[in-house]
Amino acid sequence: MVEKFDIKQLRYFAMTKRLNFLIGSGTSVPAIPLMSFFKSKDISDEEANNLLSDKVKEVSKKVIEDISNANDEENIKAVLKRYSEFIKVILQLLYHANSRQVTKNINIFTTNYDLFIEKSLDELMKYESFVFNDGSNGYFNRILDSANYNKSVAYRGLNDSYLNELPTLSLIKPHGSMNWEREQEDNILIRQSVVENPVVVKPTGLEGQETFLNNHFHDMLRVFQLELDKPQSILIVIGFSFQDKHIAKMLNRSLKNPELNVFIFCYSESDKQTILTNLGLSDCPRNLNVITPNELDEKYKTKHEVEDEDEDESDWFSFDLSNLTELLRDMSFEE
């Protein structure tokens, strides 16, 4: 019998420690397929990367449009709703954790360069009270600078009677974004729309990339490393299998921090071994939890029924961003 995952432990950590999320490409499926969808023996890796980039650009343009009445964009609407519900729930965690002694900030690291998270946050800011920090500084020309992630915003009483730090969601995108544009002075400008030549690091590693992208890549990942090295930190991972060797190395190094706790949620049962292999681990150290659907209660996973009556096949379960949202929602409203 598979031992069930202790959700109470995760709830305690989420409410009392520095909360970080790492979100990978699996969270934007099916609106944006995985890289494996574009690969074949007939095309090169570069061509596959370009096809993926074109798809992300196409979807991102539609995401920032009003697609509420579009009949042919069901996948995009479904994924956008999934992200929005997730952001709502982690905001609730942030509000309920106001008594904790750490800063009122949640970091979302994502290797995706689509605009689902930005669109979700933009909509929620209309009626939720929080600060969205995307690392930019400026008004007409919003320039990206990793130093801006160290900022916090506070509300001051009318008579200076108190100073209350506002909840902040920080979005860090080490692989770039479809609305990032390179300026001549080697700055990155964050635009309000999808740009023609976005600053993105395609999933081929750093080989062959120009120095400008290398510097950006390491600058953003340095923020990731620093956050995980801080005391009382927690990292929740979803939709990411650690095929990126640089991020895998950084996580391995961070696990040496005894105060860090990492929770990696697998989409399917077979993903656990893939993740451990990519991390170069044969087993989980004390502060690493790699959780499969079978370790969770049925309400926190999705059942897939196999229509074929073949005796060798059986129903199976998966875990995605919507399942994580349900798990976190129960945590945020639990007494």
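Here the structure is shown first, and the text comes after it.
Owing to the predicted nature of the structure, the values given are computational and were not obtained by experimental measurement.

A. Local environment of empty space enclosed by the protein. Counted under the stated rule, the structure contains one cavity of 30 Å³ or more. Estimates place the volume of the largest cavity at around 30 Å³. Along its surface, the largest cavity is lined by Tyr83, Thr110, Asn112, Asp114, Ile117, Glu118, Leu171 and Lys173. In the lining of the largest cavity, the residues fall into three nonpolar, two polar and three charged.

B. Broad picture of the layout of surface pockets. Of the volumes computed, that of the largest pocket is approximately 1,400 Å³. Along its surface, the largest pocket is lined by 48 residues, and Ser25, Leu34, Met35, Ser241 and Gln243 are the ones closest to its centre. For the lining of the largest pocket, the secondary structure elements donating two or more residues are α2 (35-38), α3 (45-63), α7 (245-254) and α8 (271-279). Among the elements that make up the lining of the largest pocket, the one with the highest residue count is α3 (four residues). Class assignment for the residues of the lining of the largest pocket results in 22 nonpolar, 16 polar and ten charged. Here the second largest pocket defines a volume of roughly 400 Å³. What lines the second largest pocket is a set of 18 residues, among which Glu118, Asp122, Phe132, Asn179 and Gln192 lie closest to the centre. Of all the secondary structure elements, the ones that give two or more residues to the lining of the second largest pocket are α5 (116-124) and β9 (176-182). Looking at the lining of the second largest pocket, the element that brings in the most residues is α5, giving three residues. Here the lining of the second largest pocket is composed, by residue class, of eight nonpolar, three polar and seven charged.

What counts and what doesn't
Residues numbered from 1 in each chain as written. Predicted model: local features only at pLDDT ≥ 70, side-chain atom pairs only at ≥ 80, totals over all residues. Heavy atoms only, no water. 1 Å grid on protein atoms, 1.4 Å probe; cavity = no way out; pocket = protein on both sides within 12 Å on 5 of 7 lines; lining within 4 Å. Points joined across faces, edges and corners; volume = space filled by probe spheres on them. Nonpolar A, V, L, I, M, F, W, Y, C, P; charged D, E, K, R; others polar. Helix = DSSP H or I, 4+ residues; strand = E, 2+ residues; numbered from the N terminus.

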